[in-house]
Amino acid sequence: MQNYPDDESTRSGVPSLMTTTEVAEYLRVKQRTIYEMVTRQTIPFTRATGKLLFPRRLIDVWLEAQTEAPVAGAFRAAPIYAGSNDPLLEWALRQSGAGLAVLTHGSTHGLRELADGRAMLVGSHLLDAASGEYNLPAVQSFLPGGGFVMVHWARRTMGLLTGPGNPRAIKRLEDVVSQRLRFAARTEGAGSQQLLDVLLGRAGLTADDLQFAPRQAETHADLATMIEIGEADCGIGLQAVSGQLGFVPLVGNESFDLIMRRRDYFEPQVQALMAFARTDAFAARAAHLSGYDVTELGKVRWNS
């Protein structure tokens, strides 16, 4: 059987971090071509050590993203929405008849599923602590190759969900720590958990300062239920699910975005969702759910 460059038999001698010469040989192009690609930022690279280095894992992902199928329909992504849980989006997916299965295990998990071709559409709200920017730094890290697009879905209000009437008079995370309240965490890699880490850092705290509830909340609705039935005292969640619970706003302009391969934007599933998002029924639902701003829904935030 013919061997290809990504076979383990031919990759075994290739270092995990390649120099310009090595990546040129790996891709079978001239070094000048590599330098031109770096200048245009069309190939994943790093200057962490003061010289150009190319992570082989990211180069392989980038190569796969550039591959064009020889047969129409090949390499199609699975008809799945993955990533972060969002009540408005998941309602719209059902009402639009988009035909996408919903598999929500957090923003980071969704980006991995998209990169590996196991999802067509991903929702993300990952806050980058260094830049204060939502999603783009994480998306560019997980999807270094071309052919992807990020479309805005909504601005959302996030904060602390508490018991009805906020019985402990919580105003900030420091109150949660000082009162030793049971805090419901989200899964590792979830946007809400990353937001918690950023907010703790800004307050001079760490996760070790919190007293966590026995189990993690799987979704925003699950978080609300945990507080309602006494499993937890509070947690980071959406204003949209607060209902009769207390809510302390912490972030009022969180950006929730949709990421997909550019070609999949034109697939019937995505087009059905976006078309429904322009209807009066959708506008009414978004207005009914507190804490949503959908005025820029559909705006392209990034096109690789």
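**What about the overall build of the protein?**
The helix and strand tally for the protein stands at 12 helices and 12 strands. With respect to the principal axes defined by its C-alpha atoms, the protein has extents near 65 × 45 × 35 Å. Sorting the 304 residues of the protein into buried and exposed places 48% on the buried side. Sequence separation of at least 24 residues holds for 70% of the intrachain contacts in the protein that already meet a minimum separation of 6. Counting only carbon and sulfur atoms, one obtains 50% of the accessible surface of the protein, whose full area is about 15000 Å². Charge centroids of the protein, computed over 30 positive and 33 negative side chains, lie 3 Å from each other.

**Thoughts on the pairing of strand β3 (residues 80–83)**
As paired elements, β3 and strand β4 (residues 101–104) share 4 bridges and run parallel to each other. Residue pairing across strands places Tyr 81 opposite Val 102, the latter belonging to β4. Regarding the hand of the β-α-β motif, the stretch spanning β3, helix α5 (residues 87–96) and β4 is right-handed. Both β3 and strand β5 (residues 121–124) contribute to a ladder of 3 bridges, which runs parallel.

**Here's the deal with the nonpolar core**
In this structure, Trp 153, Phe 183, Leu 258 and Phe 282 are the most contacted members of the largest nonpolar core, which totals 63 residues. Looking at this core, the element that brings in the most residues is strand β6 (residues 148–162), giving 7 residues. Residues in contact with Leu 258, not counting those within four places in the same chain, are Tyr 81, Leu 89, Leu 121, Val 122, Gly 123, Val 149, Met 150, Val 151, Trp 153 and Leu 273. Among the nonpolar cores identified, the runner-up in size contains 15 residues, and Leu 111, Val 122, Leu 136 and Leu 143 belong to it.

**Some points on unusual backbone geometry**
Positioned with a positive phi, Asn 166 is a non-glycine residue whose angle comes to about 50°. Along the chain, Asn 166 falls in the loop between β6 and α8 (173–178). For Asn 166, a relative accessible area of 18% corresponds to the buried category. With a phi close to 55°, Ala 169 is a non-glycine residue in the positive phi region. With respect to the helices and strands, Ala 169 occurs in the loop between β6 and α8. According to the relative accessible area criterion, Ala 169 is partly exposed, its value standing at 49%.

**Points about the confidence of the model for the protein**
For any part of a model where pLDDT is low, the fine detail of the predicted coordinates should not be relied upon. Within the protein, residue pLDDT values average 89, and 91% of them lie at 70 or more. Contacts for the low-pLDDT stretch residues 1–11, under 50 throughout, to residues beyond four places or in other chains number 12 contacts. When the criterion is pLDDT under 50, residues 69–74 qualifies, and its contacts beyond four places in sequence or with other chains add up to 3 contacts.

**A short note on the packing of helix α2 (residues 20–27) against helix α3 (residues 31–40)**
Put simply, α2 and α3 touch, their axes get as near as 9 Å, and they point 105° apart. With respect to α3, the element α2 is oriented roughly perpendicular. Between α2 and α3, the contacting residues are Thr 20, Thr 21, Val 23, Ala 24 and Leu 27 on the first element and Gln 31, Ile 34 and Tyr 35 on the second. Of the residues contributing to the contact of α2 with α3, the split by class is 5 nonpolar, 3 polar and no charged.

**A few points about the pairing of β5**
Burial along β5 is two-sided: the face carrying Leu 121 and Gly 123 and the face carrying Val 122 and Ser 124 are both buried. The pairing of β5 with strand β10 (residues 246–261) spans 4 bridges and is antiparallel. Each residue of the ladder has a partner; that of Gly 123, found in β10, is Leu 258.

**A word on the environment of Arg 28**
Mapping Arg 28 onto the fold places it in the loop between α2 and α3. On the basis of relative accessibility, which here comes to 70%, the residue Arg 28 falls in the exposed class. Along the sequence, Arg 28 and Trp 153 sit 125 residues apart, while their C-alpha atoms lie 40 Å from each other.

The rules we used
- Residues numbered from 1 in each chain as written.
- Predicted model: local features only at pLDDT ≥ 70, side-chain atom pairs only at ≥ 80, totals over all residues.
- Heavy atoms only, no water.
- Helix = DSSP H or I, 4+ residues; strand = E, 2+ residues; numbered from the N terminus.
- Buried < 20%, exposed > 50% of the residue type's maximum accessible area, 1.4 Å probe, protein only.
- Contact = heavy atoms within 4.5 Å.
- Areas by Shrake-Rupley, 256 points an atom, 1.4 Å probe, with all protein chains shown as cover.
- Lys, Arg positive; Asp, Glu negative; His and termini not counted.
- Charge placed at Lys NZ, Arg CZ, Asp CG, Glu CD.
- Pairing = 2+ DSSP bridges.
- Right-handed = clockwise from strand over helix to strand, strands pointing away.
- Core = buried A, V, L, I, M, F, W, Y, C linked by side-chain atoms within 4.5 Å.
- pLDDT = per-residue confidence, 0-100.
- Axes fitted to C-alpha atoms, helices over the stretch in contact; angles between N-to-C directions.
- Parallel < 35°, antiparallel > 145°, perpendicular 65-115°, else oblique.
- Nonpolar A, V, L, I, M, F, W, Y, C, P; charged D, E, K, R; others polar.

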